[in-house]
Amino acid sequence: MKRRNFIATAAAGSAGLASVSGFAKDNQSQKDFKLKHNINHSVCEWCFNDIPFEEFLQTLNELGVKAIDLIGPDRWHILKKYDIHCSMCNGAEISLTEGWNNPKYHEQLIKNYTEIIPKVAEAGYTNLICFSGNRNGMNDYVGLQNCVEGLSQIMPLAEKHGVVIQMELFNQVNHPDYMCDNSLWGVELCKHLGSENFKLLFDIYHMQIQEGDIIRSIQNYHPYFGHYHTAGVPGRHEIDETQELYYPAIIKAIHATGFKGYVAQEFIVTWEDKIGALKDAFIRCDV
């Protein structure tokens, strides 16, 4: 399954690119790159998939980043080769739009997740992504009940194997009609399922667009958040001064909750130096 489909954005003006490139070049912390590891760092591979996969894994090792997001079973053996952990597994879902809120997909989803949950555990991983699916005219409460009915059939297996099923939150701008589009709906689903093995993947980029008040959401609902994704708003680009979120404060809020999971970078790179952009993001999130 393709992770995302994006319409290419217009190229930035030469002045803007020059300022960003200059920041990357002159930032002393880039030159002396060293992570504190108070935060478990990860990165979504699809954002850097123009770099050969094994070359990218080697780079992560050089940076001291030991995890990567959204890799399926067909490439786990390559992660083992480079001692890189899969911090968010995929491969059991049908699609973002065809999910647990629609009973007609339950049979296939239950089959998929029943097959992959033991494989996740056997590989030594924990997190496995899932999606609500689109509304298609469905009432949110009905969709929630449908999710509970379907997910309840795989949760005992997830609990047995120590696997955490994580439903990602999306905004309505990039993913029109997606049902799990706000923290409250997702938290209510977690409460209905009543399992520590079901959490929300809190995508900071998506929720800034959809509901804002990011730090308050983290403070109020962190027991239900099992994983975090980052990106800049607007545009889903670098998390630097070109966007409106201040990630050091957000990451400090996450750390203050005692969070022991992963924070994964998931931004679309605009810098010419792609790894420089990634290093800059790690530094900003390294509290």
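Reading the values: the criteria
Residues numbered from 1 in each chain as written. Predicted model: local features only at pLDDT ≥ 70, side-chain atom pairs only at ≥ 80, totals over all residues. Heavy atoms only, no water. Axes fitted to C-alpha atoms, helices over the stretch in contact; angles between N-to-C directions. Helix = DSSP H or I, 4+ residues; strand = E, 2+ residues; numbered from the N terminus. Parallel < 35°, antiparallel > 145°, perpendicular 65-115°, else oblique. Left-handed = near helix turned anticlockwise from the far one by under 90°. Contact = heavy atoms within 4.5 Å. Nonpolar A, V, L, I, M, F, W, Y, C, P; charged D, E, K, R; others polar. Core = buried A, V, L, I, M, F, W, Y, C linked by side-chain atoms within 4.5 Å. Buried < 20%, exposed > 50% of the residue type's maximum accessible area, 1.4 Å probe, protein only. Salt bridge = Lys/Arg side-chain N within 4 Å of Asp/Glu carboxyl O. Polar contact = N/O pair within 3.5 Å; in protein donor to acceptor, adjacent residues only side chain to side chain.

If you check an unreviewed UniProt entry, the chain appears there as Hydroxypyruvate isomerase family protein from Flagellimonas marina.

Visitor: Explanation requested: the packing of helix α6 (residues 140–151) against helix α8 (residues 183–193) in the structure shown.
Guide: Describing two packed helices takes the angle between their axes plus the distance from one axis to the other. Their axes nearest at 10 Å, the elements α6 and α8 cross at an angle of 40°. Judged on the interaxial angle alone, α8 and α6 are oblique. The handedness of the crossing between α6 and α8 is right-handed. Where α6 approaches α8, its residues Asp-140, Gly-143, Leu-144, Gln-145, Cys-147, Val-148 and Leu-151 are matched on the opposing element by Trp-185, Glu-188, Leu-189, His-192 and Leu-193. A breakdown of the residues in the contact of α6 with α8 according to their chemical character gives 7 nonpolar, 3 polar and 2 charged.

Visitor: It is not clear to me how the nonpolar core should be interpreted in this structure. Could you clarify?
Guide: Ile-165 and Met-167 are the most contacted members of the largest nonpolar core, which has 95 residues in total. Ranked by residue count, the leading element in this core is helix α5 (residues 106–122), at 6 residues.

Visitor: Quick question: what am I supposed to make of the pattern of salt bridges here?
Guide: Here the idea is simple: oppositely charged side chains can pair when their charged atoms come close. Counted by the stated rule, this structure contains 13 salt bridges. Between Lys-199 and Glu-196 there is a salt bridge, with its nearest N and O atoms 3.0 Å apart. Taking the relative accessible area as the measure of exposure, Glu-196 reaches 61% and is therefore exposed.

Visitor: How should the packing of helix α3 (residues 53–63) against helix α12 (residues 274–284) be read in this particular structure?
Guide: Orientation of α3 relative to α12, taken along the N-to-C sense of each, is 40°, at an axis distance of 12 Å. By the criterion of interaxial angle, the relationship of α3 to α12 is oblique. Between α3 and α12 lies a crossing whose hand is right-handed. Every residue of α12 that contacts α3 at Phe-56, Thr-59, Leu-60 and Leu-63 is listed here: Ile-275, Leu-278, Lys-279 and Phe-282. Looking at side-chain class alone, the contact of α3 with α12 contains 6 nonpolar, 1 polar and 1 charged residues.

Visitor: Please explain the side chain of Arg-236 as it appears in this structure.
Guide: Structurally, the position occupied by Arg-236 is in the loop between β7 (225–230) and α11 (247–256). For Arg-236, a relative accessible area of 1% gives the class buried. A distance of 3.4 Å separates a polar atom in the side chain of Arg-236 from a polar atom in the side chain of His-206.

Visitor: How do you make sense of unusual backbone geometry when you look at a structure like this?
Guide: Note on backbone geometry: most residues besides glycine have negative phi, and most peptide bonds are trans. A cis amide bond links Val-233 to the next residue, Pro-234, at an omega of 0°. Note that Pro-234 resides in the loop between β7 and α11. For Leu-70, which is not glycine, the phi torsion reads 65° and is therefore positive. With respect to the helices and strands, Leu-70 occurs in strand β2 (residues 67–71). Of note in this structure, Asp-213 is not a glycine but carries a positive phi near 55°. With respect to the helices, strands and loops of the structure, Asp-213 is situated in the loop between α9 (204–210) and α10 (214–221).

Visitor: Can you help me understand the environment of His-237 in this one?
Guide: As for its placement among the helices and strands, His-237 is situated in the loop between β7 and α11. With relative accessibility at 18%, the residue His-237 sits in the buried group. Sequence separation between His-237 and Val-269 is 32 residues; the distance between their C-alpha atoms is 5.8 Å. Of the polar contacts made by the side chain of His-237, one reaches the backbone oxygen of Gly-235; its length is 3.2 Å. A polar atom in the side chain of His-237 sits 2.9 Å from the backbone oxygen of Ile-268.

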